[in-house]
Amino acid sequence: MTESTAGGDTGPGYLIRGARVVGAEPTDLLISDGVVVETGRRLDARGARVVDADGLVALPGLVDLHTHLREPGREDAETVESGSRAAALGGYTAVCAMANTSPVADTAGVVEQVWRLGREAGLVDVQPIGAVTVGLAGEHLAELGAMAESAARVRIFSDDGHCVADPRLMRRALEYVKAFDGVIAQHAEEPRLTEGAQMHEGEVSTRLGLTGWPAVAEEAIIARDVLLAEHVGSRLHVCHLSTAGSVEVLRHAKARGVRVTAEVTPHHLLLTDERAASYDPVFKVNPPLRTGADVTALREALVEGIIDIVATDHAPHALEDKECEWGYARPGMLGLETALSVLLAVLGERWELIAERMSRTPARIAGLAEHGRNPAPGLPANLTLVDPAARRTIEPGELASRSRNTPYAGLTLPGRIVATFLRGEPTVLDGKAVR
Ligand SMILES: [Zn+2]
């Protein structure tokens, strides 16, 4: 890609030349004052800076419903700014920041702090997720209403990292958010079934002698929660769904008309529990990597729409929390800077499907009206340009995240993010962060 100035540095906006919007025929996109003002062939640049997008695909800016930014509390692993930069480099224009920070995002004060830090960084829209229970302790409901009414306007609540295991509390949370059409995003893990668990329970865990995390611990909670959501008439979102059995529970619930959506992570679409045999803690994650049969079922469910979206569960960890024995390592993997490439590896160039699962539907679930729409005249210019022909080998040291725990180190993956625009301003150009 080349960038040239046609008519001075202060020209109005950008002219993107020859981008294939979601894989359609090439078109030009003229961007000014934060919005797409015109599309068509051979548009007059009118002094705008020209971005040559020959051969590139334009997608609506990606939206991640599940990001751990670690600030406040673990700024050694990630900050709102470094995570925002990683997101922009991954093609994202909006991320939802999980609540398991320190302090926990369980008050209006903390969610507003995260929201403000996101605005100051200005690289993606950072939408805080509020905790369901005080301190993620699973005992008392947090101030859901105060967080919803705060400047951050929280709509998604989650104790992610922990399951809201108490069914009475889960019911009350679902009832509470119904008033403002909020969503409870559940980390589905029956804690009594996963005590001491180190990896997926199955043949590989038996062979390695590691305590297993059985699929039923996830499936039982999802089954309970879809029934609760149906009973209350409220919205449930299932975080990082990981088993074939969970897909069947979800299929049943959707057929009944339950208001439930679900996400799958890139790593659960690509990697299996065989990776644990290396004892490399970079492959330790919660929920754990599952079997090849689960991976196949998850891919099929994503294509079919039983699973609604891809979410990264980007979980940066400092070196000392990952470069240690498997048993002591914290679970979690980086995801923002590699998600689209993994999806291209898994799905191929199915742009319409990718736009739906990685941008439009997550934006709709989160209520982010400015995101998740194909670039068109009058709409906010939130978009990313992808080079589908490029291949890149993942080098942990080159990532913008403060952490290095990517499970794809050394792997060559298709696709490269060339540019990302947030409200008409580039956050990434020529594959590099602008700020
Ligand atoms: Zn989780």
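Our structure's up above, just so we're on the same page.
Below: a short report on this structure.

Rules used throughout
Residues numbered from 1 in each chain as written. Predicted model: local features only at pLDDT ≥ 70, side-chain atom pairs only at ≥ 80, totals over all residues. Heavy atoms only, no water. Donors = N, O, S within 2.8 Å, 3.2 Å for Na, K, Ca; no water. Helix = DSSP H or I, 4+ residues; strand = E, 2+ residues; numbered from the N terminus. Buried < 20%, exposed > 50% of the residue type's maximum accessible area, 1.4 Å probe, protein only. Core = buried A, V, L, I, M, F, W, Y, C linked by side-chain atoms within 4.5 Å. Contact = heavy atoms within 4.5 Å. Pairing = 2+ DSSP bridges. Axes fitted to C-alpha atoms, helices over the stretch in contact; angles between N-to-C directions.

Attention now moves to the coordination of the zinc ion. Protein coordination at the zinc ion comes from Asp160 (OD), His187 (ND1) and His240 (NE2), with a distance range of 1.9 to 2.3 Å. Linear spacing of the donor residues for the zinc ion on their chain is D-x26-H-x52-H. Note that His187 is positioned in the loop between β11 (183-186) and β12 (199-200) and His240 in the loop between β14 (235-238) and α7 (244-255), a separation of 53 residues in sequence. You can call His187 buried: its relative accessible area is 2%.

By size, the foremost hydrophobic cluster in this structure holds 113 residues, and its most contacted members are Ile16, Leu59, Leu241, Leu340, Met358, Leu385 and Phe421. It is helix α11 (residues 339-347) that contributes the most residues to this core, seven residues altogether. Here Phe421 is in contact with Tyr14, Ile16, Ile31, Val51, Thr93, Ala381, Asn382, Leu383, Pro426, Thr427 and Leu429, once residues within four sequence places are set aside.

A few words on the sheet that holds β14. Here we have five strands laid out as an open sheet, ordered β10-β11-β14-β15-β16, and parallel in their pairing. On the outer flanks of this sheet lie β10 (156-157) and β16 (309-310), each paired with one strand and no other. Examined bridge by bridge, strand β15 (residues 260-264) and β16 share two bridges and lie parallel to one another. In the sheet register, Val264 faces β16, and the bridge partner there is Val310.

Time to look at the sheet that holds strand β7 (residues 62-67). Strand order in the open sheet made by the three strands is β7-β8-β9, with parallel pairing throughout. Only two strands of the sheet have a single neighbouring strand rather than two, namely β7 and β9 (125-128). Adjacent strand axes in the sheet meet at a mean angle of 20 degrees when their direction is disregarded. For strand β8 (residues 92-97) and β9, the ladder comprises four bridges, and the chain directions are parallel. The partner of Val95 across the bridge, within β9, is Val126.

The next thing to look at is the environment of Ala433. With respect to the secondary-structure elements, Ala433 resides in strand β20 (residues 432-433). For Ala433 and Ala88, which are 345 residues apart along the polypeptide, the C-alpha to C-alpha distance reads 7.5 Å. The residues touching Ala433, leaving out its near neighbours within four places in the chain, are Arg85, Leu89, Thr427 and Val428.

Think of an α-helix as turning once every 3.6 residues; residues three or four places apart then point the same way. Among the nine residues of α11, eight are classified as buried, and the element is accordingly described as predominantly covered. When α11 is considered as a whole, its buried residues turn out to be Ala339, Leu340, Ser341, Val342, Leu343, Leu344, Val346 and Leu347. Backbone geometry just downstream of α11 places Gly348 in the positive-phi region, at approximately 75 degrees.

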